[in-house]
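So the chains spell out like this:
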Amino acid sequence: MSELADPRFTKILHNHQEIEGAAKRIAARIDQDYAGKTPVMVVVLKGAVMWAGDLFRNITNDIEMDFIDIASYHGGISSSNKITLRTDLTTDVKDRDVIIVEDIVDTGLSLRFLEDLLKSRGARSVQTATMLNKKAGHKIDVSAKYVGFEIDNEFVAGYGLDYQEIWRNLPFIGVVNPEIYS
Ligand code: PRP
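First, a word on scope: everything that follows refers to the structure included in this document.

Moving on: the packing of aromatic side chains. Under the counting rule described, the total for this entry stands at five aromatic pairs. Residues F9 and F172 carry aromatic rings whose centres are separated by 5.3 Å and whose planes lie at 75 degrees to one another, so their mutual orientation is edge-to-face. Of this pair, F9 sits in strand β1 (residues 9-15) while F172 sits in strand β9 (residues 172-176), placing them 163 residues apart in sequence. Overall, F9 belongs to the buried group, its relative accessible area being 6%. Overall, F172 belongs to the buried group, its relative accessible area being 3%. Connected via pairs of aromatic rings, a cluster forms that spans F9, F155, Y163, W167, F172 and Y181.

Below, the structure written as structure tokens:
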């Protein structure tokens, strides 16, 4: 089925090629900004996995990778406002430069939770590379240094982002048809 004829979505926001383009652009900036350093890239499970793959393939400097699993949506269509740490890092981030790799910053609560956690553990610096930033969704004042795309306040899925845990594997980001969840 063609992406555009997919009844699960009202609109395709970004296809695979566009997302890879954003990953290349951000990877080049990270290479430049972290020249001579070895940052720890903290991938926020599960949504950021596909974006992280694109980003990492395009970074040429040395990096380390680690993974953390937090939950805020709990499978629903909006943030529950309560962040849960499900699986922790294995890296000691004390005195390390850390880059949080997110699929989306929506309310900003997950990002704030992670920033606070990493800083409390003594990270030297903490920045964020997010595929999507939903500024109109922010409930607190957070910002990501590296942003793939700004998006409107719509419920999106695909490319790592789920609708009730499915559709993460889709090679595009689409606006979910409200008929699906209303
Ligand atoms: C999503 C997304 C971000 C977070 C953003 O994760 O991956 O981590 O929510 O939302 P916020 O800015 O409102 O906090 P989710 O909790 O759905 O877990 P998942 O990645 O496993 O789907």
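Having seen the structure, we can now continue with the description.
Here we come to the sheet that holds strand β4 (residues 84-87). One open sheet holds the six strands; their spatial order is β4-β3-β2-β5-β6-β7, and the pairing between them is mixed. Lying at the two open borders of the sheet, with one neighbouring strand each, are β4 and β7 (146-150). Neighbour to neighbour, the strand axes of the sheet diverge by 30 degrees on average, direction disregarded. As paired elements, strand β2 (residues 40-45) and strand β5 (residues 97-105) share four bridges and run parallel to each other.

This brings us to the site of the ligand. Lining the immediate surroundings of the ligand are 21 residues, of which S72, E102, D103, T107 and S110 lie closest. Here an oxygen atom of the ligand sits 2.8 Å away from a polar atom, N or O, in the side chain of E102. In the complex, 97% of the free accessible area of the ligand, which totals 500 Å², lies under the protein chains. Those elements giving two or more residues to the shell around the ligand turn out to be β2, β3 (64-71), β5 and α3 (109-120). For the shell around the ligand, the leading source of residues is β5, giving four residues. Residue composition of the shell around the ligand, grouped by class: eight nonpolar, six polar and seven charged.

It is worth spelling out the pattern of salt bridges at this point. Counted according to the given criterion, the structure contains 13 salt bridges. For the salt bridge of R8 with D6, the shortest nitrogen-to-oxygen distance reads 2.7 Å. By relative accessible area, which is 6% here, D6 ends up buried. Where E165 meets K46, a salt bridge forms, and the shortest distance between an N and an O atom there is 2.9 Å. Residue E165 is located in the loop between β8 (156-157) and β9, and its partner K46 is located in the loop between β2 and α2 (49-58); the two are separated by 119 residues in the primary sequence.

A separate point is the nonpolar core. Within the largest apolar cluster, 29 residues are counted, with the highest numbers of intra-cluster contacts made by I30, W51, L55, V101 and L132. Elements with a minimum of two residues in this core: α1 (16-33), β2, α2, β5, β6 (125-133), β7 and β9. Per-element accounting of this core gives the leading share, six residues, to α1. Setting aside its immediate chain neighbours within four residues, L132 contacts D103, I104, V105, F149, I151, V156, L161 and I173. Grouped together as the second largest cluster of nonpolar side chains are 19 residues, V40, I68, I100 and L117 included.

Cis geometry is found at the peptide bond from L45 to K46, where omega equals 0 degrees. Positive phi values are uncommon outside glycine, yet Q164 reaches one of about 45 degrees. Considering the arrangement of structural elements, one finds Q164 in the loop between β8 and β9. In the Ramachandran plot, E165 falls in the positive-phi region, its phi being about 75 degrees despite a non-glycine side chain.

The terminal C-alpha atoms of α1 lie 25 Å apart, and with 18 residues this matches the ideal 26 Å at 1.5 Å per residue to within 8%. Considered for burial, the residues of α1 that qualify are I19, A22, A23, I26, A27, I30 and D31.

Reading the values: the criteria
- Residues numbered from 1 in each chain as written.
- Predicted model: local features only at pLDDT ≥ 70, side-chain atom pairs only at ≥ 80, totals over all residues.
- Heavy atoms only, no water.
- Phe/Tyr/Trp six-rings, centres within 6.5 Å; stacked < 30°, edge-to-face > 60°.
- Helix = DSSP H or I, 4+ residues; strand = E, 2+ residues; numbered from the N terminus.
- Buried < 20%, exposed > 50% of the residue type's maximum accessible area, 1.4 Å probe, protein only.
- Pairing = 2+ DSSP bridges.
- Axes fitted to C-alpha atoms, helices over the stretch in contact; angles between N-to-C directions.
- Near = heavy atom within 4 Å.
- Polar contact = N/O pair within 3.5 Å; in protein donor to acceptor, adjacent residues only side chain to side chain.
- Areas by Shrake-Rupley, 256 points an atom, 1.4 Å probe, with all protein chains shown as cover.
- Nonpolar A, V, L, I, M, F, W, Y, C, P; charged D, E, K, R; others polar.
- Salt bridge = Lys/Arg side-chain N within 4 Å of Asp/Glu carboxyl O.
- Core = buried A, V, L, I, M, F, W, Y, C linked by side-chain atoms within 4.5 Å.
- Contact = heavy atoms within 4.5 Å.
- Expected span 1.5 Å × (residues − 1).

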